[in-house]
Amino acid sequence: MNDAALKDRLFAAMRDVPDFPRPGILFKDITPVLADAVLLRELTEAMTAPWQEAGITHVAGIESRGFILAAPIAIALGAGFVPIRKPGKLPWQTAGVDYALEYGSDRLEMHLDACPSPARVLLVDDVLATGGTASAACALIEQVGGIVAGCSFLLAISALGGAGRLGGRPIQALLST
Ligand code: AMP
């Protein structure tokens, strides 16, 4: 697979939607990428490759676009999938982490028994922006006993500095702006 060509094709397929969901946000819409059978397979392979030898036992996806990417990566790595969800969505006993947003705060939850020690967890989401969401997700994985072996994103928006909030954990972004 030609990596540079794949990245060009992914950027070309991704859609920028200005002022969604709020004024001032340039939303990176990955739905055209997901709808393309070849791109979906190739991006899954490319996001999986760096972690083949990392001993990953679980892949954790952040609701909701993270789920879509995390599940095929988990299958490709021979790992399990675990969901990290918005509050009140998970049916069993949960742990939760509150985190600050630009305006207000949010919360992520995980089942207490999702990835017990010594699980080696790969965190997956579509976009790394300010890093607040991913950093809360890492804290949550560790709270329930997992080791964050790495973090993988389809796209990192470099200007927002999210990587700096992930505490030196290994990070891979297939695309970066
Ligand atoms: P952050 O916590 O600022 O790193 O934001 C990351 C989370 O918000 C991810 O779950 C993304 O799906 C979503 N997100 C943030 N900014 C964008 C954007 N410009 N386009 C698409 N999704 C975004």
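Look a little higher up for the structure.
All of these numbers come straight from a predicted model, not from anything done at the bench.

Participant: Can you lay out the environment of leucine 10 for me, pointing to particular residues and giving the numbers?
Facilitator: Here leucine 10 lies in helix α1 (residues 3–13). Separated by 165 residues in sequence, leucine 10 and leucine 175 have C-alpha atoms that sit 8.4 Å apart. When neighbours within four sequence positions are excluded, leucine 10 is seen to be in contact with Val33, Leu39, Leu43, Leu154, Leu174 and Leu175.

Participant: Describe the sheet that holds strand β8 (residues 147–156), with residues and values.
Facilitator: Within the open sheet, the five strands sit side by side as β4-β3-β7-β8-β9. Their pairing is parallel. The sheet is open, and its two borders are formed by β4 (80–84) and β9 (171–176), each paired with just one other strand. The mean angle between the axes of side-by-side strands here comes to 20 degrees, regardless of whether they run parallel or antiparallel. Of the pairings in the sheet, the one linking strand β7 (residues 120–128) to β8 comprises eight bridges and is parallel in character. The residue of β8 that forms the bridge with leucine 123 is cysteine 151.

Participant: Help me get a handle on the packing of aromatic side chains, residues and values and all.
Facilitator: In total, this model carries two aromatic pairs according to the counting rule given. Centroid distance phenylalanine 20 to phenylalanine 27: 5.2 Å. Interplanar angle 85 degrees. Geometry classified as edge-to-face. On the accessibility criterion, phenylalanine 27 (18% relative accessible area) is buried. For the ring pair phenylalanine 67 and phenylalanine 81, a centre distance of 5.7 Å and an interplane angle of 85 degrees mean the geometry is edge-to-face. With a gap of 14 residues between them, phenylalanine 67 in helix α4 (residues 65–77) and phenylalanine 81 in strand β4 connect regions that are remote in the sequence.

Rules and cut-offs
- Residues numbered from 1 in each chain as written.
- Predicted model: local features only at pLDDT ≥ 70, side-chain atom pairs only at ≥ 80, totals over all residues.
- Heavy atoms only, no water.
- Helix = DSSP H or I, 4+ residues; strand = E, 2+ residues; numbered from the N terminus.
- Contact = heavy atoms within 4.5 Å.
- Pairing = 2+ DSSP bridges.
- Axes fitted to C-alpha atoms, helices over the stretch in contact; angles between N-to-C directions.
- Phe/Tyr/Trp six-rings, centres within 6.5 Å; stacked < 30°, edge-to-face > 60°.
- Buried < 20%, exposed > 50% of the residue type's maximum accessible area, 1.4 Å probe, protein only.

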